[in-house]
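What follows is each chain in one-letter form.
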Amino acid sequence: MYSPIQRASKYLYYYITAKNGKGHGVHSPFVFDFIQHVLNDDRYFYAYQPIENVRKFMLNDTRVLSVEDFATGSRTGVTNQRTVSYFAKSALKSVKFGQLLFRIIDHYAPEYLLELGTSLGITSAYLAMANPSATLTTMEGSTAIAAVAKENFQKLGIKNIRLIEGDFDHTLPAWLENKPIIDFALIDINLRYASTIHYFYQLLDHTHEYSMLIFDHIHGSAEMEKAWDEIQQHPVVTLTIDLFFIGIVFFRKEFKVKQHLAIRF
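Let us look at the structure shown here. What you see is a predicted model, and the numbers here were worked out from it, not measured in a lab.

Topic: the sheet that holds strand β9 (residues 246-250)
Taken in spatial order, the 8 strands line up as β5-β4-β3-β6-β7-β9-β8-β10 in an open sheet, and their pairing is mixed. Edge positions in the sheet fall to β5 (161-165) and β10 (259-262), since each of these pairs with one other strand and no more. The average angle at which neighbouring strand axes cross in this sheet is 15 degrees, direction not considered. Against the sheet, helix α9 (residues 168-176) makes contact with β3 (112-116), β4 (135-140) and β5, and its axis sits at roughly 155 degrees relative to β4, the strand it touches most.

Details of the packing of helix α3 (residues 48-58) against helix α7 (residues 122-130)
Contact geometry of α3 with α7 gives a least axis separation of 10 Å together with a crossing angle of 170 degrees. Judged by the inter-axis angle, α3 sits roughly antiparallel to α7. Contact with α3, carried on its side by Tyr 48, Ile 51, Glu 52, Val 54, Arg 55 and Met 58, involves Ile 122, Ala 125, Tyr 126 and Met 129 of α7 and no other residues of that element. Class assignment for the residues of the contact of α3 with α7 results in 8 nonpolar, no polar and 2 charged.

Concerning unusual backbone geometry
Positive phi, normally seen in glycine, also occurs at Ala 109, with a value near 50 degrees. In this fold, Ala 109 is placed in the loop between α6 (95-108) and β3. Relative accessible area serves as the criterion here: at 43%, Ala 109 is assigned to the partly exposed category. In this model, Ser 119 sits at a positive phi of 55 degrees, which is unusual for a non-glycine residue. Within the element layout of this structure, Ser 119 appears in the loop between β3 and α7.

Notes on the nonpolar core
In this structure, Ile 104, Phe 184, Leu 243 and Ile 248 are the most contacted members of the largest nonpolar core, which totals 64 residues. Ignoring sequence-local partners within four residues, the contact set of Ile 248 consists of Phe 34, Ile 104, Met 212, Leu 213, Ile 214, Trp 228, Leu 239, Thr 240, Ile 241 and Leu 243. Counting residues in hydrophobic clusters, the runner-up holds 26 residues, among them Ile 218, Ala 227, Val 249 and Phe 251.

Digging into helix α11 (residues 222-233)
In this model, α11 (12 residues) spans 17 Å end to end at C-alpha, consistent with the 16 Å of a helix rising 1.5 Å per residue. Taken as a whole, α11 has its buried residues at Met 224, Ala 227, Trp 228, Ile 231 and Gln 232. Viewed along the axis of α11, the buried residues span an arc of 135 degrees, placing them on a single side of the element. Buried residues along α11 sit in contact with α10 (193-204), β7 (212-216), β8 (239-242), β9 and β10.

A closer look at the pattern of salt bridges
If you walk through the whole model with that rule in mind, you get 10 salt bridges. With a shortest N-O distance of 2.7 Å, Asp 41 and Arg 43 are connected by a salt bridge. Overall, the relative accessible area of 12% leaves Asp 41 in the buried class. For Arg 43, a relative accessible area of 48% puts it in the partly exposed group. Through salt bridges with shared partners, one network takes in Asp 41, Arg 43 and Asp 106.

A few points about the pairing of strand β6 (residues 184-187)
In summary, the side chains of a regular strand alternate between the two faces of the sheet. Of the two faces of β6, both are covered, the one formed by Phe 184 and Leu 186 as well as the one formed by Ala 185 and Ile 187. The sheet contact formed by β3 and β6 spans 4 bridges and is parallel. Across the sheet, Leu 114 pairs through a bridge with Ala 185, a residue of β6. Relative to β7, β6 runs parallel, the two being bridged by 4 bridges. Each bridged residue has a counterpart across the sheet, and for Phe 184 the counterpart in β7 is Met 212. As a crossover connection, the stretch from β6 through α10 into β7 is right-handed.

Here we look at the pairing of β8
Burial along β8 is two-sided: Leu 239 and Ile 241 facing one way and Thr 240 and Asp 242 facing the other are all buried. Sheet analysis places β8 next to β9, joined by 4 bridges and oriented antiparallel. Counted as the bridge partner of Asp 242 is Gly 247 from β9. Joining the antiparallel neighbours β8 and β9 is a turn of 3 residues, in which Phe 244 adopts a positive phi near 70 degrees. As paired elements, β8 and β10 share 4 bridges and run parallel to each other. Across the sheet, Asp 242 pairs through a bridge with Ala 262, a residue of β10.

Criteria and cut-off values
Residues numbered from 1 in each chain as written. Predicted model: local features only at pLDDT ≥ 70, side-chain atom pairs only at ≥ 80, totals over all residues. Heavy atoms only, no water. Pairing = 2+ DSSP bridges. Helix = DSSP H or I, 4+ residues; strand = E, 2+ residues; numbered from the N terminus. Axes fitted to C-alpha atoms, helices over the stretch in contact; angles between N-to-C directions. Contact = heavy atoms within 4.5 Å. Parallel < 35°, antiparallel > 145°, perpendicular 65-115°, else oblique. Nonpolar A, V, L, I, M, F, W, Y, C, P; charged D, E, K, R; others polar. Buried < 20%, exposed > 50% of the residue type's maximum accessible area, 1.4 Å probe, protein only. Core = buried A, V, L, I, M, F, W, Y, C linked by side-chain atoms within 4.5 Å. Expected span 1.5 Å × (residues − 1). Arc of directions from axis to C-beta. Salt bridge = Lys/Arg side-chain N within 4 Å of Asp/Glu carboxyl O. Right-handed = clockwise from strand over helix to strand, strands pointing away.

Just geometry here; none of it tells us what the structure is for.
Structure (C-alpha cells):
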C-alpha cells in the first residue's frame, strides 16, 4: 500500500494530467455524455438523505464487532474487535463516490448487479436504490459486518439485495456456477494484484458488450496499478475511465480504438 505522501504525489499527477471534468477536449460522444449526465449531474436524488442518515447513525454506533474474516471483505485488513463507528469511518465509500455510483446505475439502468465487498452496506444501498427493479448480489467475508449491513438494508426498506457471506474464493465460484449475467460489478476488496486479476478473469466470462466493471483504489498500491494496467490492456476492454479512486471498465464494440481516459472528479 502506498504511503500518504506517495498517494498525494500520485493524486497531484492525476489532477494535472487528467482531462477536464467539464468535458472540454473530450471527443467521444459516449464519454462526453458520461461527464455531462453522470459525473456532473447535480440533482439531489430521493435516496441520498435516507442513506446518509444511516451512515450518520453508524458513525456514532459504539457496538463492538468481532470480525473473523474482514481481510477478504474490505480494504483495511483489520481482523480483530472494533466498533461499528470505526468501520464506518475507515471502510465506507465517501458520500461523493457513493452518490456517483447511484448516478451510474440510474443513468445506464443495469439489471444484474454484483458487489464484492459489502462492508456495512452503504454502497450497496446506493446501488440497489438507484434501480429498484434491478437485482444486486453483494458478497461480504465477515459475518459480523454482514449482520450490520442487513440491519441497514432493513432500515432503508431495500428488497432487491441478496447478501452472500463467506470467503470470496468459495462464494464467488459457487455463485458463478449458475452462469449469471453481470451487467455491472463493483470490486471493492483489497489492494492485491493477484486477487484483483483473478476476480477480473472470473467475472469476464459473465459480462457482455454493455457490461461495466468498477475497480476500487486503482492507485492505492503498486500492485493495484499493475492490475489496472493489465485490465486496460485486455483485448476485450475498449474504454477505461480513471477517476483516481476508482476505475471504470467498458467493453462496448462501438469504440473501434482503445481509449484510456483520466478525468478529473
